[in-house]
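The lines below spell out each chain.
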Amino acid sequence: MTHAFYVYASYGFAALVTIAVTVWTWADGRARRRELAALEAAGIRRRSARARDGE
Amino acid sequence: MSETSLAISKFSDLANPTRFLALAARAIPWMAGITALCFAVGLYLSFATEGDYQQGETVRIMYIHVPSAWLSMMCYTIMSVSAIGTLVWRHPLADVSAKAAAPLGAAFTLLALVTGSLWGKPMWGTWWVWDARLTSVFILFLMYLGLIALSRAIDDPSKAARVSAVLILVGFVNIPIIKFSVEWWNTLHQSASVLRLDGPAIDPEFLRPLFIMAIAFTLLFFTLHIMAMRNEIWRRRIAAQRRLAARMASREE
């Protein structure tokens, strides 16, 4: 392949950026879900959730 | 209920973050699956099709450069619509949408700049020139970074939302400049060859993988955007609940 370096470098960088953004978004979501679960475990809930439980 | 009021209530249903979270949970796995499928087909076509008679194999860089450049502008347009939503309708999700989109826009703009540079070196003989297209896209990248910094620098979310929305709308002037830069000025960057009034000027051999990759990148953007919006809603709920907990704790003392 001619200019293989430029082609593979482009695809490599594209893979790096898209995978990094995806992993970052996913990890952020996981961390937030954990925090919400920790708050829930501590008995801190949204008012709407409390009303549903009949508290 | 009349048809209009039904349509309005449907639209305001989406404004409800809880409703949005339920919808996102259902949509994200499907969107991620279709995105992966499109990338599989797109990447196969990108390397299975023939090279250009002049550009050789470097034409394959187009299949990632053009979709990421397209996303860099589409993302800013979505942020501008969200900014109007924040300022005019005070839609509760509009600011969440703009804030979640900014890092994604920055990532795809960086991708467009780097792949363009890697394409420029073998075809133009230079990594970078300060011509109108390249410079205006570089300014777009700096604007994304500025907007990310601004929205994180102000603690009060509603104040941050308004200030960011005004800046996003001011910056929108750059989008038509990017699009028409290759026509208004004499640039090293070529003029439009896909979205033209007289139809695409490139061979179907290249158009097929380009089209599939553009769909794949666009779907990836929307999947990540919905995920990032969901994260932002969760982040705000956590902050609100922590405040509530702190208030309850101080009352008990």
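Refer to the structure presented above.
Criteria and thresholds
Residues numbered from 1 in each chain as written. Chains lettered and ligands numbered in written order. Predicted model: local features only at pLDDT ≥ 70, side-chain atom pairs only at ≥ 80, totals over all residues. Helix = DSSP H or I, 4+ residues; strand = E, 2+ residues; numbered from the N terminus. Buried ≥ 20, exposed ≤ 12 C-beta atoms within 10 Å, placed from the backbone. Core = buried A, V, L, I, M, F, W, Y, C linked by C-beta atoms within 7 Å. Contact = placed C-beta atoms within 7 Å. Expected span 1.5 Å × (residues − 1).

With respect to the overall build of chain B
A tally of helices and strands in chain B yields eight helices and zero strands. Each helix and strand of chain B, placed in order from N terminus to C terminus, yields the pattern α-α-α-α-α-α-α-α. Taken along the three principal axes of its C-alpha coordinates, chain B extends 75 × 40 × 35 Å. By residue count, 34% of the 253 residues in chain B fall in the buried class.

What to know about the nonpolar core
Formed by 60 residues in total, the largest nonpolar core has its most connected members in C75, M79, A98, A101 and L104 of chain B. Secondary structure elements with two or more residues in this core: helix 1 (4–41) of chain A together with helix 3 (62–89), helix 4 (94–124), helix 5 (132–153), helix 6 (157–171) and helix 8 (204–252) of chain B. The element best represented in this core is helix 4 of chain B, accounting for 16 residues. Setting aside its immediate chain neighbours within four residues, A98 of chain B contacts M79, S82, A83, T86, S164, A165 and I168 of chain B.

Considering helix 1 of chain A
Structurally, the α-helix is built with 3.6 residues per turn, so residues lying three or four positions apart point the same way. Over its 38 residues, helix 1 of chain A extends 54 Å from the first C-alpha to the last, a length consistent with the 56 Å expected when each residue adds 1.5 Å. Residues of helix 1 of chain A that are buried include every one of Y6, V7, S10, A14, T18, V21 and T25 of chain A, and no others. Residues of helix 1 of chain A that are buried in the fold lie against helix 3, helix 4 and helix 8 of chain B. Two residues or fewer after helix 1 of chain A comes G43 of chain A, characterised by a positive phi angle close to 85°.

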